[in-house]
Every structure is written in structure tokens, then in C-alpha cells.
Amino acid sequence: MFKIKIKKIILIIISFLMLFNLFGAEKIYAKDQTLENLDIKVFINDDGSASVSQRREGTFKEGTENFLVVGNLGKSKIKDFKVFENGREYEFIEDWDTEKNIEEKAFKNGLIETSNGYELIWGIGEYGRHEYVIEYTVTDFIKEVTDNQMLFWRFVNDKTNTPPQNVRITIESNEKFTKEDEEIWSFGFDGNVEFDEDGMIVAKNTKPLTEDSYVTILAKFEKGMFETNDYIEKPFGKIKDQAFAGSDFGGRAQSSNFFSIATIVVIFAIILNFFLMRGRYKKSKDKKFKRKYVGEYYKDYPYKGNIIDVYYILYKMGLNSFKNILNGFLLKWIKEGKIEVSNSQDQKIQIHFLDKNSPKEESEAKLYNILLEAAGDNDILEEKEFAKWSKTKYSKISDWKKEAKEKSIEKLKSLGYIEVEEERKLFFKSKEYHLRGKGKEIEDNIYKYINYLYDYSVLREDENTNFEVLDNMIVWAGFLGLTDVVKGQFEKIHPTYTQATMYMGNSIFMTNSFATRAALAQVSANNSVTGGNSSIGGGGGSFGGGSGGGTR
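Predicted model only: the values in this text are computed from it and were never measured.

Caption draft 1: The arrangement of the overall build of the protein in detail. Scanning the protein for helices and strands turns up twelve helices and 23 strands. Across the 552 residues that make up the protein, the buried fraction comes to 48%. For the protein, long-range pairs separated by at least 24 residues make up 74% of all intrachain contacts whose partners lie at least 6 apart in sequence. Here the protein has roughly 27800 Å² of accessible surface; of this, 49% comes from carbon and sulfur atoms.

Caption draft 2: Representation of the confidence of the model for the protein within the structure. On average, the protein scores 84 in pLDDT, and the residues at 70 or more come to 82%. Here helix 4 (residues 261-284) stands out as the element of the protein with the lowest mean pLDDT, 48, in contrast to strand 6 (residues 91-93), whose mean of 97 is the highest. Across residues 276-286, confidence stays below pLDDT 50; counting only partners more than four residues off in sequence or on other chains, it has 15 contacts.

Caption draft 3: Fine view of the packing of aromatic side chains. Taken as a whole and assessed by the stated rule, the structure comprises 25 aromatic pairs. Seen in terms of ring centroids, F177 and F221 are 5.2 Å apart; in terms of plane orientation they differ by 20°. Their pairing is stacked. Placement of F177 in the loop between strand 12 (164-173) and strand 13 (183-187) and of F221 in strand 16 (residues 215-221) is noted, with a sequence separation of 44 residues between them. With a centroid separation of 5.6 Å and an interplanar angle of 20°, the aromatic rings of F329 and W333 are classed as stacked. On the criterion of helical spacing, the pair formed by F329 and W333 is a turn pair, its members being four residues apart in helix 6 (residues 322-335).

Caption draft 4: Quick look at helix 11 (residues 483-493). Here helix 11 has its buried residues at T483, V486, Q489, F490 and I493. Down the axis of helix 11, the sector holding all buried residues measures 130°, keeping them to one side. Of the exposed residues in helix 11, the ones pointing more than 90 degrees away from its buried face are D484 and K492.

Caption draft 5: Spotlight on a negative patch on the surface. Where like charges cluster on the molecular surface, the negative patch consists of D97, E99, E103, E104 and E126. Among the residues examined, E99 registers a relative accessible area of 69% and is labelled exposed.

Caption draft 6: Spotlight on helix 3 (residues 236-244). By the burial criterion, the buried members of helix 3 are F236, I239, K240, A243 and F244. Burial along helix 3 is one-sided: seen end-on, the buried residues are contained in an arc of 130°. With respect to the buried face of helix 3, the exposed residues turned more than 90 degrees away are K238 and D241. The first or second residue beyond helix 3 is G246, which carries a positive phi of 80°.

Caption draft 7: Representation of the sheet that holds strand 17 (residues 339-343). Strand order in the open sheet made by the three strands is 17-18-19, with antiparallel pairing throughout. Both edges of this open sheet fall to strand 17 and strand 19 (380-382), since each of them pairs with a single strand only. Averaged over all neighbouring strand pairs, the angle between strand axes comes to 25°, with direction disregarded. Sheet analysis places strand 18 (residues 349-353) next to strand 19, joined by three bridges and oriented antiparallel. If you follow I351 over to strand 19, its bridge partner there is L381.

Caption draft 8: Quick look at the packing of helix 9 (residues 438-454) against helix 10 (residues 467-480). Helix 10 packs onto helix 9 with a crossing angle of 115° between their chain directions and a minimal axis gap of 11 Å. Between helix 9 and helix 10 lies a crossing of left-handed hand. Contacts between helix 9 and helix 10 involve I446, Y449, I450, Y452 and L453 on the former and, on the latter, M473, W476, A477 and L480.

Caption draft 9: Quick peek at the pairing of strand 13. The buried fraction of strand 13 is high, at five of five residues. Burial along strand 13 is two-sided: E183, W185 and F187 facing one way and I184 and S186 facing the other are all buried. The sheet contact formed by strand 13 and strand 16 spans five bridges and is antiparallel. Along strand 16, the bridge assignment pairs E183 with K220.

Caption draft 10: Spatial organisation of the environment of I474. With respect to the element layout, I474 can be found in helix 10. The spacing of I474 and L331 is 143 residues in sequence and 7.6 Å in space, taken between C-alpha atoms. Setting aside anything within four residues of it in sequence, one finds I474 in contact with L331, T483, V486, K487, F490, Y497, Y503 and I508.

Caption draft 11: Main features of unusual backbone geometry. With phi around 55°, Y293 is a residue other than glycine that occupies positive phi space. Turning to its location among the elements, Y293 is positioned in the loop between helix 4 and helix 5 (311-317). We classify Y293 as partly exposed; its relative accessible area is 26%. The phi dihedral of D379 falls on the positive side, at around 60°, and the residue is not glycine. Examined against the element boundaries, D379 turns out to sit in the loop between helix 7 (362-375) and strand 19.

Caption draft 12: Geometry of the nonpolar core. Core analysis: the biggest nonpolar cluster contains 74 residues, and F329, F353, L381, F386, I446, M473 and L480 have the highest contact counts within it. Broken down by element, this core gets its largest block of residues, nine residues, from helix 10. Among all residues touching F329, those that are not within four sequence positions of it are I307, I308, E364, L367, W400 and F479.

Caption draft 13: A look at the sheet that holds strand 16. Here we have four strands laid out as an open sheet, ordered 10-11-16-13, and antiparallel in their pairing. Each having just a single partner strand, strand 10 (143-144) and strand 13 make up the two edges of the open sheet. Note that strand 11 (residues 149-156) and strand 16 share seven bridges and pair antiparallel. Residue pairing in the sheet places W153 in a bridge with I217 of strand 16.

Caption draft 14: Main features of the side chain of D158. In this fold, D158 is placed in the loop between strand 11 and strand 12. Reaching out from D158, the side chain makes a polar contact with the side chain of R154 at a distance of 3.3 Å. There is a polar contact of 2.6 Å between the side chain of D158 and the side chain of S547. Once you skip the residues sitting within four places of it in the chain, D158 turns out to touch E211, D212, S213, Y214, G546, S547 and G548.

Conventions adopted
- Here the residue numbers are simple positions, counted from 1 along each chain's written sequence.
- Only residues with pLDDT of at least 70 are given local features in this predicted model, and only at 80 or more are side-chain atom pairs given and counted; all residues enter the totals for whole chains, interfaces and linings.
- Hydrogens and water molecules were not included; the side-chain quantities draw on all heavy atoms of the structure.
- Helix and strand assignments come from DSSP, with helices taken as H or I runs of at least 4 residues and strands as E runs of at least 2, each series counted from the N terminus.
- The buried label goes to any residue with under 20% of its type's maximum accessible area, the exposed label to any with over 50%, and the partly exposed label to all in between, with areas taken from a 1.4 Å probe on protein chains only.
- Residues are treated as being in contact if the distance between any of their heavy atoms lies within 4.5 Å.
- To measure how exposed things are, a 1.4 Å probe is used in the Shrake-Rupley method; for residues, cover is taken only from the protein chains shown.
- Within a predicted model, pLDDT stands for the predictor's per-residue confidence, ranging from 0 to 100.
- A pair of aromatic rings is counted whenever rings of Phe, Tyr or Trp (Trp by its six-membered ring) have centres within 6.5 Å, and the orientation is called stacked for planes under 30 degrees apart, edge-to-face for over 60 and tilted otherwise.
- Note that the arc is computed from the directions linking the helix axis to the C-beta atoms.
- Here a patch means residues that are over 30% exposed by relative accessible area and free of salt bridges, tied together within 9 Å if like-charged and within 5 Å if nonpolar (Val, Leu, Ile, Met, Phe, Trp, Tyr).
- Here a salt bridge means any side-chain nitrogen of Lys or Arg lying within 4 Å of a carboxyl oxygen belonging to Asp or Glu.
- His is not counted, nor are the chain ends; Lys and Arg add positive charge and Asp and Glu add negative charge.
- Taken as the charge location is NZ of Lys, CZ of Arg, CG of Asp or CD of Glu.
- Strands are labelled as partners when DSSP assigns at least two bridges between them.
- Axis definition: a line fitted to C-alpha atoms, limited for helices to the stretch in contact. Angles are taken between N-to-C directions and run from 0 to 180 degrees.
- If you view the pair so one helix is near and one far, a crossing is left-handed when the near helix is turned anticlockwise from the far one by less than a right angle, and right-handed when it is turned clockwise.
- We call a set of buried Ala, Val, Leu, Ile, Met, Phe, Trp, Tyr and Cys residues a nonpolar core when their side-chain atoms join them within 4.5 Å.
- Polar contact is defined as a pair of N or O atoms within 3.5 Å, subject to the rule that within protein one atom must be able to donate a hydrogen and the other to accept it, and that residues adjacent in sequence are counted only when both atoms are side-chain atoms.

In C-alpha cells, the structure reads:
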């Protein structure tokens with residue numbers, strides 16, 4: 001009965017897709033009125049203004065004038081508007097009259113101020129093929145927010161009656177733009193944006209634009225890179241969140257046409273996923289850690305081998321965050337004399353690598369070498385240095401975590417600690433891993449060991465405990481995300497712990513703080529864009545645009 005219902009749903013959706021393809025809603029423009037190529041070049045001057053040049057190639061057989069709508073400018077103004085064709089500069093008319101005929105507007109251009117900005121206008125001239133070059137300056141093109149500077153501009157509007165078939169936008173300045181120092185996103189069209197080898201930002205489309213398309217670019221710069229008079233009392237994160245609303249970056253893109261193919265595909269995926277994968281999803285998604293067996297204790301180390309062996313068990317428990325894993329290894333390496341932590345002169349945490357020889361365990365060695373690479377030639381890794389490194393090398397950490405999980409699964413399978421169960425649902429095949437025997441016992445012991453760490457001082461352990469044992473417990477506490485808890489428990493019984501241990505002074509606090517910020521930098525790097533596909537939706541709150549334009 002259930003399978004029959006699913007088949008009916010699939011047949012209905014497929015039929016709907018076929019009907020949509022027959023009666024698609026995308027508007028097709030007449031071939032005799034086209035804007036074939038739009039090449040926009042932007043040079044950002046040191047004072048934060050921009051010199052813009054647009055080369056517009058197309059065939060025009062309707063109306064008397066071309067016009068661009070430029071609005072939502074903030075403190076920006078448009079000046080020095082010029083138009084050229086075949087080397088001839090158009091005559092600028094101070095008081096443009098839209099009612100004049102096509103002959104009277106030929107080789108003339110003008111600018112009309114509106115309630116929200118400007119209309120940049122020039123005569124079509126004779127009907128047929130044209131190649132116009134328009135130039136203008138935008139003052140305060142760069143906007144300054146509380147923590148950064150930014151470019152956030154709509155270069156091509158939606159609702160134009162001459163959407164371009166091919167678009168290329170290049171943005172440059174006296175300083176080269178790089179993926180190490182800047183971040184970029186683009187919205188409103190099928191295409192991509194990237195940093196090229198010459199230090200320019202380049203955006204291009206991969207499909208012709210439609211009436212619903214637009215081209216918006218958001219770029220994040222360091223404070224002080226340009227002079228500007230347009231200050232916005234918001235952090236960049238707020239601007240970015242607004243831009244990401246409805247985008248492929250911060251959520252599902254929203255088409256202005258509800259019955260778009262993208263929407264139907266999403267509906268199809270949701271329905272199919274709901275019926276076929278809901279059970280699997282509930283079982284396999286990352287858990288949020290929750291304590292168990294409160295009042296029960298395990299006082300020995302839960303596992304005596306390589307911590308990576310039980311990485312998958314920590315994953316199942318919700319304890320496998322990069323912050324925990326990094327903190328645990330940093331504490332381990334301090335204990336082994338491979339690194340030390342300190343504060344720089346400006347009170348920033350630094351990791352000093354004292355030994356370039358990698359640890360023996362393969363996964364641990366890979367992580368050690370990743371951090372050593374990030375440290376650079378001086379073998380000192382600083383917080384900001386890691387954040388900057390993560391922008392371009394974030395996949396190394398992601399790949400490491402994926403590999404650690406896979407190695408753990410293989411190890412646990414070889415020991416007989418987990419079983420693999422395969423399920424087939426229609427054309428989907430899934431694997432489920434279940435802890436068995438010793439594997440379940442290790443999981444239970446980790447839960448009980450966490451209880452032991454929480455209640456260490458209450459259990460009134462021997463005050464003469466060997467501090468080396470406590471140091472080993474601190475390493476485990478790092479892997480479990482409990483260093484603050486355990487340090488506090490130790491100091492209740494051993495007040496001199498941080499004076500007589502490998503972790504003297506603020507070492508435990510500094511490793512935990514460094515790991516926390518490194519994890520945040522990793523998340524930020526994963527969420528940032530240093531060149532890639534444009535989002536179909538999003539880009540709200542930009543400057544310089546609006547809707548409309550074309551010919552009239």
C-alpha cells in the first residue's frame with residue numbers, strides 16, 4: 001500500500017514537470033531587439049569612488065532612447081556621464097526631454113534625477129546594430145561598515161526589456177584583490193564570480209539573463225583600504241545576512257516565478273526524501289551531546305589506544321567537534337613537548353612548534369603537519385594567521401575530519417565493535433552502523449567517565465594523586481570538551497595543580513581559547529566565498545540598482 005502511494009506521488013510530479021516544460025513561463029524576447037554583450041569595467045579609486053565603463057553591443061528596433069535605472073545610492077552620486085559610439089562622443093543635454101523624437105535624441109545623452117537616484121539616458125539613433133560605450137563616475141562607491149569596508153552593488157537590473165545575453169564584469173583597483181584578503185559573492189544570475197590571476201574580481205554569466213535576472217556583487221574588504229565618506233552603522237555580518245536571505249548561500253533561492261523548475265525539483269526532492277529517507281536521517285544526523293547514566297562512574301580512561309580509533313563513537317555521541325579534537329591534541333602535544341602556548345605582545349594566543357617531527361599516528365600526524373604549514377616559516381601559529389590560512393585551505397581540515405571518521409569506522413569494523421547494516425529503499429541504498437559488544441561498552445564507559453570528571457572533587461579522590469595522571473585526564477577532557485570543568489574540579493582538591501603541572505599558568509585556558517577560535521575560523525571559511533557559483537536569489541539591500549531600464 002505504502003509503495004503504491006509513493007509511485008503515485010512520483011507519477012504526479014513527473015507529469016507536472018512534463019506539463020511545465022510544454023507550457024513554460026519563461027519569457028522569450030524577440031530576436032530583433034537584443035542586448036547581446038554587456039562588458040562592464042569598474043576601477044575603484046583610492047578615494048572610494050569608482051570609474052565605470054560599459055560596452056553595450058546589440059540590435060535595437062524599438063523606442064527612441066536607452067536608459068539605465070540607478071537607485072538606492074546612499075551618499076553616492078553619479079557624475080561625468082558620457083556616451084561614445086564609433087569614437088564619437090555624444091552631446092550631453094542638461095535638461096533631457098524624454099518626449100523628443102528619435103532624430104532629436106540621436107548622438108545625445110542626459111541624466112535625470114529621480115526620487116531614488118538617477119536615470120542615465122542616451123538616444124538610440126538609427127534602428128539596427130549599435131555598440132555604445134558609456135562612462136560615468138560613482139562617488140563613495142565603497143561603503144564603510146563598523147568592522148570592514150565593502151562593495152555591494154547591483155550592476156544589472158531585473159525587469160529590463162533588454163536583458164543581456166552575455167555579461168562580464170571586471171573590478172580592479174590600485175591594490176590587487178586576492179582570495180587570501182577579500183571575500184566575494186554574487187547574486188541574481190546563472191554564472192560565477194572569482195579572483196583572477198591579475199588581482200581583479202571577475203563575474204560572468206553561463207546562461208542568458210531573463211527579465212527576472214539581475215547581477216549583484218558583494219565584496220568584503222579590510223578597513224582602511226579605501227577612503228570613503230559613506231559610513232553605515234552596522235557590522236558586515238548584518239549586511240551579509242541580509243544579502244544571503246533567499247540565496248543559495250544562506251538558504252534556498254527564491255524565484256519570482258513560483259512555478260519555476262527549480263521550485264518543482266525542490267518539492268520533488270522534499271516529498272521523496274520525506275517518504276524514503278526520514279528514518280535514516282533521524283538515525284544518522286549529528287547528535288547533540290546529552291549526558292547519560294548520571295550517578296554511574298568509570299574511573300579509568302575509556303579507551304587506551306589511539307583516540308582516532310573511537311572518533312566515530314564520539315561522532316555518534318555528538319562530541320566530535322573540531323574544537324574538541326584540536327584542543328585534545330594541543331594538550332597532548334604540550335605534554336609531549338612538541339609545542340608550547342604563549343601570549344604575544346598584543347595578548348594574542350600563539351602556538352610555538354618546538355618539534356618538526358610528526359607524531360607517529362597517521363591521522364594525528366596529518367593534523368600536526370596541517371597546523372605546522374599554517375604557522376609559516378617562523379613555526380609560530382597565531383589566531384589571525386590560522387583564520388587567514390583557513391580562507392583558502394579550509395578543505396584540508398574538512399578532508400581531515402572526513403578521513404578521521406572513515407578510518408575510525410574501518411578500525412571499529414576490523415575489531416568487531418560495529419556492524420554494518422545495508423538498506424535498500426526503491427532506488428536508494430543506505431548504510432547504517434550499529435555499535436555492538438565492546439563498541440557499545442566503550443560508548444557507555446565514555447558517558448560514565450564524563451560523569452566521573454564532573455564529580456571528581458565530590459568523590460574525594462586521594463589528594464596525593466600523581467600529577468601526570470591528572471595531566472592525562474586533562475588531555476581526555478580536551479577531547480570531550482570539558483577542560484574548564486575538569487580544571488575547576490582539580491583545583492578544588494589540588495590548589496597548586498597549575499603550578500606543578502605540564503600545563504602551568506594559563507596553558508589550559510589558552511589552548512581551549514585557541515581551539516575555539518580556530519573552529520570558528522573553520523566554520524567562517526566554509527561559509528565564505530572566495531570565488532564560485534552565483535546564487536540565483538538573494539542580494540537584498542544592495543546599492544546602485546533597482547528595477548527596469550532598457551529601451552523606451
